[in-house]
Amino acid sequence: MAADSCEVEFNRLKVLIMPQRIQKRRLETIKIAAKKRGVNTVCELSAEVTHVVTEFETMEQVVRALKMDNVASLGNVETVSLRWLTDCFKAGKVIPVTEEYRLKLEMLESSQNGNEADDKHPSLLPEWACQRATPLEHYNHRLTTDIETLQLHSELRDQEQDYSRALAFRRASCVLKCLPFRVTDISQISNIKDVGDHVKRVVKDILEDGFSSEVDEMNNNAWFNKMKLFTGVFGVGPSTAKKWIERGWTSIQDAAEAEDLSKDWRVRWGLAFHEELQTRVERPEADNFMFMVRAEAQRILPGTTVELTGGFRRGKKTGHDVDLLISHPQEGAEVGLLPRLLKQLENRGLILCGSYERNSFTEDVLRQDFKLSQRGQLDHFEKWLGICKFPKQFATTQNGQDVVQEAAGMTPSSSKLSGSMEEDYEPKAKLRKLGCIDKCPRSVASEERDWLARRVDLIVAPYSQYYYALVGWTGSKHFNRDLRLYATRVLGMKLMSHGLYNISKDCVVPAGSEKEVFDNMQIPYREPTQRNC
Ligand code: UTP
Ligand code: MN
């Protein structure tokens, strides 16, 4: 009788045994022992896998070996040491996964060694997200993923109160990302100010039932899924997406057919290249492109700095675009660089389409009153937002320098498409269309080609604003939002990517490093990898 119920328990398991670090003979023995007890063992990760069993020490090692993006991609699966499985065999039953068996996170371990450990206790967490260290990997992905679904739903619904509702969900999610343990009981978070009743309800459901029916319903809701689909298109925000849904469109195909003549170039190209733009940009691609842009920029203007910012700078292995921040240590030297750089990139056949915006910053911008609930993070930097053509070798070559060398021999393939360059990149124009923007996007997409379409933002910051711009363009978006709110509420100052404005003294506060930006804000410095809130 007892044997039967144990067998049933073992039957429930679907275990992925990672072969790394296990001797062949031992692995065979374990597999035989598993089979004898009715444990299902598999070689690949799938949704049905209940446990990943390994001799690796950290979650990151597992994620790397499985060639996954991050720990979040492991979802709900328990990742445990091999000892758990052998202990189960010894006990003759499936024993609970306790902390001693569960794999730890490198990132978290290292951020806790040292003086940050103290402020990790839930009741001691600093109030503002910008005051806390928030790593990319943490213990509560299962909860934060669902809470951020609630956040996104509010953002997309975009009705009265939805902005503050979305913000409240994000705050709760961010607090959970800082906890040095996996939440297993609601009491562990009952006293955290940022976790409100709604989130507590959702967390309780997930802890008790393994899922939240509210979030599940959301994920199955047709309107929500269409909104997610349409706002995923370059150039499409919630209001356009709503219009498309009202017209009865349900697929990208529907929109692509009807919007072929859209006045907005982003929408035309975004739709034609949607599928490709949806695939994640890998880190080597971003690095190689950055090396290429840096080499070109420095050829035009020696001393130019080009940095990869956005999620990649925060340690993400993939991104939805490539954000490059360009500057020059000699204030003013950067003027006129971007149009020339774009021309060079176009000569190299790297530009698909995009638009150029001139710098529209004046100090008045800092003085102007601005609404804190403002959704956009619009800044006034000179910039180019568009889609680039990444040679496919970008994804497979690790050494960016080689790619740059090779690309130096690339033929200027697209220059014929764009007429007079000097005119196209005329920097006085507020907004200029560039690239092969007048071609039919769908026919370009279906041509045989050796490149991938990738979203790129090129931003130029004068050196006096550079470190504020670097913080702003490194993000995360929520980190910035929190910083700006903190500046207003706590310091009575105004923060933008252009600088920090001391309202009472009517002056801007300079910064010569990222550290100084944090010092000026009177908050502890955080490395980019700790700004993932
Ligand atoms: P992204 O939207 O590219 O975010 O903006 P991300 O974190 O890099 O995400 P993935 O990995 O591409 O999906 C990069 C940073 O630039 C800021 C955002 O706040 C974000 O922190 N940003 C973006 C601006 O300051 N202004 C903008 O107009 C756009
Ligand atoms: Mn980005």
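Counting starts from 1 at the beginning of each chain's written sequence and moves along it residue by residue. Each chain takes a letter, starting from A, and each ligand takes a number, starting from 1, following the order in which they are written. Local features in a predicted model are, by the rule used here, given only for residues with pLDDT of at least 70; side-chain atom pairs are given and counted only at 80 or more, and totals for whole chains, interfaces and linings are based on all residues. To obtain the side-chain values, all non-hydrogen atoms of the structure were used and water was disregarded.

For the rest of this paragraph, the subject is the side chain of His138. Within the secondary structure, His138 is located in the loop between α5 (106-112) and α6 (141-157). For each residue, the accessible area found with a 1.4 Å probe, counting protein chains only, is set against the maximum for its type, and the residue is called buried under 20%, exposed over 50%, and partly exposed in between. Relative accessible area serves as the criterion here: at 4%, His138 is assigned to the buried category. Engagement of the side chain of His138 in a polar contact is seen with the side chain of His141, the distance being 3.4 Å. Going along the chain from the N terminus, every DSSP run of H or I of four or more residues is numbered as a helix, and every run of E of two or more is numbered as a strand. Each polar contact in these results corresponds to two N or O atoms within 3.5 Å; when the atoms are within protein, one needs to be able to donate a hydrogen and the other to accept it, and residues that are neighboring in sequence are counted only if both atoms are side-chain atoms.

Moving on to the pattern of salt bridges. Should a side-chain nitrogen of Lys or Arg be within 4 Å of a carboxyl oxygen of Asp or Glu, the pair is scored as a salt bridge. Applying the stated criterion across every chain yields a total of 35 salt bridges. The closest approach of N and O atoms between Arg102 and Glu78, which form a salt bridge, is 3.0 Å. With Arg102 in the loop between α4 (82-91) and α5 and Glu78 in strand β4 (residues 78-81), this pair connects stretches of sequence that are 24 residues apart. Like Arg102, the residue Glu78 is buried in the burial classification. Arg531 is paired through a salt bridge with Glu514; the nearest N and O atoms lie 2.9 Å apart. A residue pair is termed long-range when its members are at least 10 positions apart, and Arg531 in the segment after α24 (514-520) and Glu514 in helix α24 qualify at 17 residues. Its relative accessible area of 0% is what places Arg531 among the buried residues. Where salt bridges share partners, they join Glu78, Glu99, Arg102, Lys104 and Arg182 into one cluster.

Along the chain, Ser497 falls in the loop between β13 (493-496) and β14 (499-502). In this structure Ser497 comes out as buried when scored by relative accessible area, which is 17%. For this analysis, residues touch if any pair of their heavy atoms sits within 4.5 Å. Discounting residues that sit within four places of it in the chain, Ser497 has contacts with Asp379, Phe381, Gln465, Tyr468, Ala469, Gly472 and Trp473.

Time to look at the sheet that holds strand β2 (residues 40-42). Pairing within the open sheet is parallel, and its four strands lie in the order β2-β1-β3-β4. A strand with exactly one partner marks an edge of an open sheet, and here the two such strands are β2 and β4. Adjacent strand axes in the sheet meet at a mean angle of 30 degrees when their direction is disregarded. Inspection of the sheet shows strand β3 (residues 51-54) paired to β4 by four bridges, in the parallel sense. Bridge pairing in β4 places Val52 opposite Thr79. Strand pairing requires that DSSP identify at least two bridges connecting the strands. Axis lines are fitted through C-alpha atoms, for helices just across the contact stretch, and the angle between N-to-C directions can take any value from 0 to 180 degrees.

Inspection of the secondary structure assignment puts Arg171 in helix α7 (residues 162-178). Among the residues examined, Arg171 registers a relative accessible area of 24% and is labelled partly exposed. Expressed as a C-alpha distance, the spacing of Arg171 and Gln151, which sit 20 residues apart in the sequence, is 9.7 Å. Excluding residues within four positions of it along the chain, Arg171 makes contact with Asp194, His478, Asp482 and Leu485.

Further remarks concern helix α23 (residues 477-491). Expected span of a helix, by definition, is 1.5 Å for each gap between consecutive residues, and there is one gap fewer than residues. If you check α23, its first and last C-alpha atoms are 20 Å apart, about what 15 residues at 1.5 Å a residue would give, namely 21 Å. Of all the 15 residues making up α23, eleven are buried; the element is thus mostly covered by neighbouring parts of the structure. Those residues of α23 that fall on the buried side of the exposure criterion are His478, Phe479, Asn480, Arg481, Asp482, Leu483, Arg484, Leu485, Tyr486, Ala487 and Leu491. Lining the buried residues of α23 we find α6, α7, α22 (466-474), β13, β14 and α24. At the exit of α23 stands Gly492, carrying a positive phi of roughly 65 degrees.

On to the packing of α6 against α7. Packing of α6 against α7 brings their axes to within 8 Å, and their N-to-C directions diverge by 165 degrees. Looking at the two axes, α6 sits roughly antiparallel to α7. You can see that α6 and α7 cross each other, and the crossing is left-handed. Two secondary-structure elements touch here, α6 through Leu143, Thr144, Ile147, Glu148, Leu150, Gln151, Ser154, Glu155 and Arg157 and α7 through Asp162, Arg165, Ala166, Phe169, Arg170, Ser173, Leu176 and Lys177. Each residue is assigned to one of three groups, with Ala, Val, Leu, Ile, Met, Phe, Trp, Tyr, Cys and Pro labelled nonpolar, Asp, Glu, Lys and Arg labelled charged, and all others, Gly among them, labelled polar. Split by residue class, the contact of α6 with α7 holds six nonpolar, four polar and seven charged. Should an angle lie under 35 degrees it is considered roughly parallel, over 145 roughly antiparallel, and from 65 to 115 roughly perpendicular; all remaining angles are considered oblique. Note on convention: the crossing is left-handed when the near helix lies turned anticlockwise from the far helix by less than a right angle, right-handed when the turn is clockwise.

Here the focus is the environment of Val293. With respect to the helices and strands, Val293 occurs in helix α15 (residues 283-300). Judged by relative accessible area, which is 0%, Val293 ranks as buried. Distance from Val293 to Leu342, taken between C-alpha atoms, is 9.4 Å for residues 49 residues apart in sequence. Those residues in contact with Val293, other than ones at most four positions away along the chain, are Val306, Leu324, Leu341 and Leu345.

We now examine the packing of helix α9 (residues 213-220) against helix α10 (residues 222-231). Contact pair α9 / α10: the axes reach a minimum separation of 5 Å and the direction vectors enclose 60 degrees. The angle between α9 and α10 falls in the class oblique. Between α9 and α10, the residues in contact are Met218, Asn219 and Asn220 and Ala222, Phe224, Asn225 and Lys228, respectively. Tallied by class, the residues present in the contact of α9 with α10 amount to three nonpolar, three polar and one charged.

What follows covers the nonpolar core. Ranked by internal contacts, the top residues of the largest apolar core, which has 35 residues, are Ile189, Trp244 and Leu271. Elements that contribute at least two residues to this core include exactly α6, α7, α8 (197-209), α9, α10, α11 (238-246), α12 (252-258) and α13 (265-272). Counting residues per element, this core draws most heavily on α7, at five residues. Nine residue types can take part in a nonpolar core, namely buried Ala, Val, Leu, Ile, Met, Phe, Trp, Tyr and Cys, and a core is a set of them joined through side-chain atoms within 4.5 Å. Counting 31 residues, the second-largest nonpolar core is a separate cluster that includes Leu470, Val471, Leu483 and Ala487.

Attention now moves to the sheet that holds β14. Pairing in this open sheet of three strands is antiparallel, and the strands run β13-β14-β15 from one edge to the other. What marks the edges here is a single partner per strand, and that holds for β13 and β15 (507-509). In this sheet, adjacent strand axes meet at a mean angle of 30 degrees when their direction is disregarded. Here β13 pairs with β14 via four bridges, running antiparallel.

Within an α-helix, residues lying three or four positions from one another point in the same direction, as the helix has 3.6 residues per turn. Among the eight residues of α13, six are classified as buried, and the element is accordingly described as predominantly covered. Residues Trp265, Val267, Arg268, Trp269, Gly270 and Leu271 constitute the buried set of α13. Buried residues along α13 sit in contact with α11, α12, α14 (274-278), β9 (351-357), β10 (382-391) and α21 (441-446). In this structure Asp264 caps α13, since a side-chain oxygen of it lies 2.9 Å from the backbone nitrogen of Arg266.

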